Amino acid sequence: MDDTRAAKPSAAAYRNLAVATVGFTLTFWAWDLVAPLGSDFKDRLGLSSFEQSLLVAVPVIVGSLGRVPVGALTDRYGARLMFPLVSAFTIVPVLLIIPARNSYAAMLAVGFLLGLGGTTFAIGIPLVNSWFPPARRGFALGVFGMGMGGVALSGYFTPRIADHGDNLPFIVVAIALAAFAVLAAVLITDRPDRPVPTSALTTRLGRAGRLRVTWELSALYAIGFGGIVAFGVYLPTYLKTWYDLSPTEAGTKAAGFALVTVVFRPIGGWLSDRLHPATVTSYALAVVALFAVMQAFDPTLYPMGTICFLAMAAGLGTASGSVFALVSQVTPQPQVGSVTGIVGAVGGLGGFVPPLVMGAIYSAKDSYSIGFMLLSDLALAGCVYAYGRMRNAKAA
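Parameters at a glance
- Throughout, residues of each chain are indexed from 1 in the direction in which the sequence is written.
- Owing to the predicted nature of the model, reporting of local features is limited to residues with pLDDT of at least 70; listing and counting of side-chain atom pairs is limited to 80 or more, with chain, interface and lining totals taken over all residues.
- The basis for every side-chain value is the complete set of non-hydrogen atoms in the structure, without hydrogens or water.
- Secondary structure elements are defined from DSSP: runs of H or I of at least 4 residues count as helices, runs of E of at least 2 residues count as strands, and each element is numbered from the N terminus.
- The criterion used for residue contact is that any of the two residues' heavy atoms lie within 4.5 Å.
- Each patch is built from residues lacking any salt bridge and having more than 30% relative accessible area; the joining distance is 9 Å for like charges and 5 Å for nonpolar side chains (Val, Leu, Ile, Met, Phe, Trp, Tyr).
- Only the protein chains shown count as cover for residues, and all accessible areas are computed by the Shrake-Rupley method using a 1.4 Å probe.
- A carboxyl oxygen of Asp or Glu within 4 Å of a side-chain nitrogen of Lys or Arg is what we treat as a salt bridge.
- Per-residue accessibility, obtained with a 1.4 Å probe over protein chains only, is compared with the maximum for each type, and a residue is labelled buried under 20%, exposed over 50%, and partly exposed between these values.
- Axis lines are fitted through C-alpha atoms, for helices just across the contact stretch, and the angle between N-to-C directions can take any value from 0 to 180 degrees.
- Here is the rule for angles: anything less than 35 degrees is roughly parallel, anything more than 145 is roughly antiparallel, 65 through 115 is roughly perpendicular, and the remaining ranges are oblique.
- Handedness of a crossing is defined here by the sense of rotation of the near helix relative to the far one, left-handed for an anticlockwise turn of less than a right angle and right-handed for a clockwise turn.
- Any residue that is not Ala, Val, Leu, Ile, Met, Phe, Trp, Tyr, Cys, Pro, Asp, Glu, Lys or Arg is counted as polar, Gly included; the first ten are nonpolar and the last four charged.
- Only Phe, Tyr and Trp rings are paired, with Trp represented by its six-membered ring, and only when their centres lie within 6.5 Å; those with planes under 30 degrees apart are stacked, over 60 edge-to-face, the remainder tilted.
- Given a helix with a known number of residues, its expected span is that number minus one, times 1.5 Å.
- As a per-residue quantity, pLDDT reports the predictor's confidence and falls between 0 and 100.
- Any pair of cysteine sulfurs within 2.5 Å is marked as a disulfide.

### Digging into the side chain of T90
Among the secondary structure elements, T90 is positioned in helix α5 (residues 79-100). If we skip the residues at most four places from it in the chain, T90 touches A30, L116, G117 and L177.

Here it is in structure tokens:
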């Protein structure tokens, strides 16, 4: 092992990792504010299953697409500027939910703006990647990825805070974002020797888009992280509809699912520091494929349904961590932000489609089994491709 790979991360590396993870968690909570209250909005506004699915999915697609320019801007201007800026701007749509909550059209518009909170992923990945040596990047990126636990926090705390006041969750999250924006402006620093691209944003995005590995990684991440996002936004509705749970019970169980994905994301990164990340990804997706088939047969929630969901959560979390360990291996450092933006965007879009499909299938067939079979098929395809092709991928 050479000196670069053997180098130990500095105190500044760990400081930036910690602050970025906190920020990612808070902005992800903001990004997911609508989903835990989806049933409330459905009853309040008289929505169909499809309309409710669209409402919770809009922030996902906007946040996903927004990662592309935000990742490229981070390559150019650095996380020190982008993290506090995006966090501060996210406060606006969070507070706009309060006057918009009685209008479906207004909520769709606010959901569009709320997508901004989902873009910080493309800020934190290049920041963490630049501060940590290659031998430690898998685990460090996995730790940062634990910020997706903001979904778990949202699923658990948002309905409970709302019990004390309809507007209280939005006020609490807005205050937390404001505090973090100040903290980030003080504590986040870009690595002094990080390469700064000078070409135009469109040129850099075009260059990243021409890399074959960008789209291969995007497809794998769409399955792994897309599955996490899809369950995050739709699992409360599924549990309430199919297993007749209360909104609070459904939110709690969905938060448990999200928590397992959070725990296994750094495990995926840690394993990728020791094994090839493509191998880790392949085995993780095989687990998802197996238990998705089992859930398609509609087992009782206790114990088999719970086992299926927890196993899928572990597989999806592990795959999400290992895919970004692979990104750090095969992407040139100056392009990490741009490639991360594209991969993160496609991954988020992978979370946009399933809630709409599940809502449409249930409305048409009164069953969710087809949706779980589709998930199994995608996971199996990803398993085969990761093992057969991505183990031989090299940096361009």
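Let's pick the thread back up.
### A look at a nonpolar patch on the surface
A grouping of L95, L168, I171, V172 and I175 is seen on the molecular surface, where their side chains present a nonpolar patch of about 380 Å² in accessible area. Ranked by the residues each element gives to the nonpolar patch, the list is headed by helix α10 (residues 168-187), at four residues. As for its placement among the helices and strands, V172 is situated in helix α10. Residue classification places V172 among the partly exposed positions, given a relative accessible area of 33%.

### Points about the pattern of salt bridges
Any two side chains of opposite charge can pair if their charged atoms end up close together. Enumeration over the complete set of coordinates arrives at four salt bridges. Measuring nitrogen to oxygen at the nearest pair gives 2.7 Å for the salt bridge that ties D193 to R191. The exposure class of R191 is partly exposed, given its relative accessible area of 29%. Put simply, R212, E216 and R389 are held in one network by salt bridges that share partners.

### Description of the packing of helix α12 (residues 212-242) against helix α17 (residues 369-388)
At a closest axis distance of 11 Å, the pairing of α12 and α17 adopts a crossing angle of 155°. Here α12 is positioned roughly antiparallel relative to α17, judged by the angle of their axes. Crossing angle aside, the handedness with which α12 passes α17 is left-handed. For the pair α12 and α17, contact is made by R212, E216, L220, I223, F231 and Y238 and by F372, L375, L378, A379, G382, Y385 and A386, respectively. Across the contact of α12 with α17, the residue classes tally to 10 nonpolar, one polar and two charged.

### Examining the packing of aromatic side chains
For the coordinates displayed, the defined rule picks out 24 aromatic pairs. With a centroid separation of 5.0 Å and 80° between ring planes, the pair formed by F121 and F324 is classed as edge-to-face. Of this pair, F121 sits in helix α7 (residues 121-131) while F324 sits in helix α15 (residues 301-330), placing them 203 residues apart in sequence. F324 matches F121 in its accessibility class, with the two residues each being buried. Here the aromatic rings of Y238 and F372 are separated by 5.5 Å at their centres, their planes lie at 70°, and the arrangement is edge-to-face.

### Here's the deal with α7
The buried fraction of α7 amounts to 11 of the 11 residues, a majority that puts the element mostly inside the structure. Along α7, the positions that sit buried rather than exposed are F121, A122, I123, G124, I125, P126, L127, V128, N129, S130 and W131.

### Looking at helix α2 (residues 11-31)
With 21 residues, α2 should reach 30 Å at 1.5 Å per residue; the first-to-last C-alpha distance of 30 Å fits that figure. Summarising burial for α2: 16 of the 21 residues are buried, a large majority.

### Focus: the confidence of the model for the protein chain
Here the protein chain shows a mean pLDDT of 85. Residues at 70 or above account for 96%. Across the protein chain, element-level confidence peaks in α10 with a mean pLDDT of 95 and bottoms out in helix α1 (residues 3-6) with 46. Below a pLDDT of 50 lies the segment residues 1-5, which in the model reaches seven contacts outside its immediate sequence neighbourhood of four places, other chains included.

### Things to note about the state of the cysteines
Inspection of every chain in the model, using the stated rule, returns zero disulfides. No disulfide involves C308; its sulfur sits 18 Å from that of C383, the nearest cysteine.

### A word on the environment of Y156
With respect to the helices and strands, the residue Y156 is situated in helix α9 (residues 150-162). Residue classification places Y156 among the partly exposed positions, given a relative accessible area of 35%. Distance from Y156 to E249, taken between C-alpha atoms, is 9.2 Å for residues 93 residues apart in sequence. Those residues in contact with Y156 that lie beyond four places of it in its chain are G251, T252 and A255.

### Some points on the packing of α9 against α10
Two numbers describe a pair of packed helices, the interaxial angle and the distance between the axes. Direction vectors running N to C along α9 and α10 enclose 125°, while the axes themselves pass 7 Å from each other. Taken as axis vectors, α9 and α10 run oblique relative to one another. Between α9, through T158, I161 and A162, and α10, the contact on the second element is made entirely by L168, P169 and V172. For the contact of α9 with α10, the class distribution of residues is five nonpolar, one polar and no charged.

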